[in-house]
Amino acid sequence: YGNFIDDLRLYVRGGTGGMGYPRLGGEGGRGGDVWFVAREGTTLKNIRDRYPQKRFVAGTGDNSSVKALKGGKGKDCEVHVPLGISVLCDDGKQIGELNAAGERFLAARGGLGGSLATNFMPCKGQRRTVRLDLKLIADVGLVGFPNAGKSSLLSKISHAKPEIANYVFTTIQPELGKIMYADYKQIAVADLPGLIEGAHANKGMGHKFLKHVERTKQLLLVVDISGFQLSIKTQFRTAFETILLLTKELELYKEELLTKPALLAINKMDLPCAKDNLNELMKQLQNPEDFLHLLEEEMIPANKLAFKDVIPLSTYTGEGIEELKACIRKSIDEEAEQENEEYRKKKLLLLQTSE
């Protein structure tokens, strides 16, 4: 993954409470709390570099004294984390989520101060090891096998400048780009490391790739019209087989991913025979059942991925790029309108039931 980090373990400890004052019945202050606060522009790499010990301890509560019978609360410790963070216990159970800027999660509570109930002895704060798991939040996630041209496509439609080269695994870390429209609308697009067959079983980038697809609103499958072959040892796959394999990998990892709205970009239309290959592919997509007998049974997904649009393009010549941007915009706007309509219906139903 290079310098990109999407998983980090931290030790957090709430502050110890302050001492009580037995003679006058004074109560010590509560220990400070450790909070995770979502903030834009922060990365897990920033946290690791800034706090190499990866330990976060809140302040101790003030002791009770003659001057102040009720001790002051210890200083809270705030850790700024990126958006799209899941907070997990050491056993893998999810205990919190931070998706919007300003959202807060209490990671470790401070201990109570000494009082009559504790024989005026302070309590220690909560302590535990937690894991921060990042899933990129984007409007559109680019899905495709290595060398399908996802990085080139991202550089054409957005302001991102991913590394592009003529070898299989160019993308070794997720890239985020933004498509800018004339009316200042922005749509975030994530180019994610290339899938390979068996990714659902954590082969190659496996789960490290697939978990980032979960938070994207829509999928954009990018397929090489001339087909794909990972290496000499692996089988050559046609564009149609590639689409089925990608669908199968998404389905095996998490079936709900296939319910996301999806677009299909057919790349490398500048190559010879691309037009003939496209005609053949369109026939196969219109009646996939007629061609399933050509494939091994384990390659065939149980559910189909329904594409809202199929866009032939070439990142080399620029053909179809503007059309793709328009299709992405239309699809995102339709989805937002649908969500608003559902929200309005819910509100109306609530009003009717309350009356």
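Rules of the game
- Residues numbered from 1 in each chain as written.
- Predicted model: local features only at pLDDT ≥ 70, side-chain atom pairs only at ≥ 80, totals over all residues.
- Heavy atoms only, no water.
- Phe/Tyr/Trp six-rings, centres within 6.5 Å; stacked < 30°, edge-to-face > 60°.
- Helix = DSSP H or I, 4+ residues; strand = E, 2+ residues; numbered from the N terminus.
- Pairing = 2+ DSSP bridges.
- Axes fitted to C-alpha atoms, helices over the stretch in contact; angles between N-to-C directions.
- Contact = heavy atoms within 4.5 Å.
- Core = buried A, V, L, I, M, F, W, Y, C linked by side-chain atoms within 4.5 Å.
- Buried < 20%, exposed > 50% of the residue type's maximum accessible area, 1.4 Å probe, protein only.
- Domains from an automatic or database assignment.
- pLDDT = per-residue confidence, 0-100.

Digging into the packing of aromatic side chains
Overall, the coordinates contain four aromatic pairs when judged by the stated rule. Each ring, one from Phe 36 and one from Phe 105, has its centre 6.4 Å from the other, and the planes form 25°; the classification is stacked. Of the two residues, Phe 36 sits in strand 2 (residues 34-38) while Phe 105 sits in strand 7 (residues 104-108), which places them 69 residues apart along the sequence. On the numbers, 6.3 Å between centres and 70° between planes, the contact of Phe 240 with Phe 291 is edge-to-face.

Brief notes about the sheet that holds strand 14 (residues 307-312)
What links the strands of a sheet is backbone hydrogen bonding, and the strands pair in either a parallel or an antiparallel sense. On the basis of which strands lie adjacent, the open sheet formed by six strands has the order 10-11-9-12-13-14 and mixed pairing. Both edges of this open sheet fall to strand 10 (175-180) and strand 14, since each of them pairs with a single strand only. Pairwise comparison of adjacent strand axes, ignoring direction, gives a mean angle of 25° for this sheet. Packing against the sheet, helix 4 (residues 239-253) makes contact with strand 9 (140-143), strand 12 (218-224), strand 13 (262-267) and strand 14, and its axis sits at approximately 145° to strand 12. Strands in contact with helix 6 (residues 321-354) are strand 9, strand 10, strand 11 (186-191), strand 12, strand 13 and strand 14; relative to strand 14, the strand with the most contacts, it is inclined by about 170°.

Considerations on the nonpolar core
Formed by 57 residues in total, the largest nonpolar core has its most connected members in Val 34, Phe 36 and Leu 132. Per element, the largest residue contribution to this core is seven residues, and it comes from helix 4. If you count residues domain by domain, this core takes at least three from each of domain 1 (7-134) and domain 2 (138-339). Residue contacts for Val 34: discarding those within four places in its chain leaves Val 12, Arg 13, Gly 14, Phe 56, Ala 58, Cys 77, Val 79, Phe 105, Leu 106, Ala 107 and Ala 108. Counting residues in hydrophobic clusters, the runner-up holds 21 residues, among them Ile 187, Leu 220, Leu 324 and Ile 328.

Topic: the confidence of the model for the chain
Averaged over every residue, the pLDDT of the chain is 86; residues scoring 70 or more account for 90%. The element-level mean pLDDT for the chain is lowest in helix 3 (residues 206-213), coming to 68, with strand 3 (residues 55-57) highest at 97. Low pLDDT (under 50) marks residues 162-172, which in the prediction has 30 contacts with non-local residues, meaning those over four places away or in another chain. Here residues 199-206 scores under 50 on pLDDT; set against residues more than four positions off or in separate chains, the count is 20 contacts.

Structural notes on the pairing of strand 2
Counting buried positions over the five residues of strand 2 gives four, a clear majority of the element. Note: strand 2 against strand 4 (residues 77-81), five bridges, orientation parallel. In the sheet register, Val 34 faces strand 4, and the bridge partner there is Cys 77. Note that strand 2 and strand 7 share four bridges and pair antiparallel. Residue pairing for strand 7: Val 34 is matched across the bridge by Ala 108.

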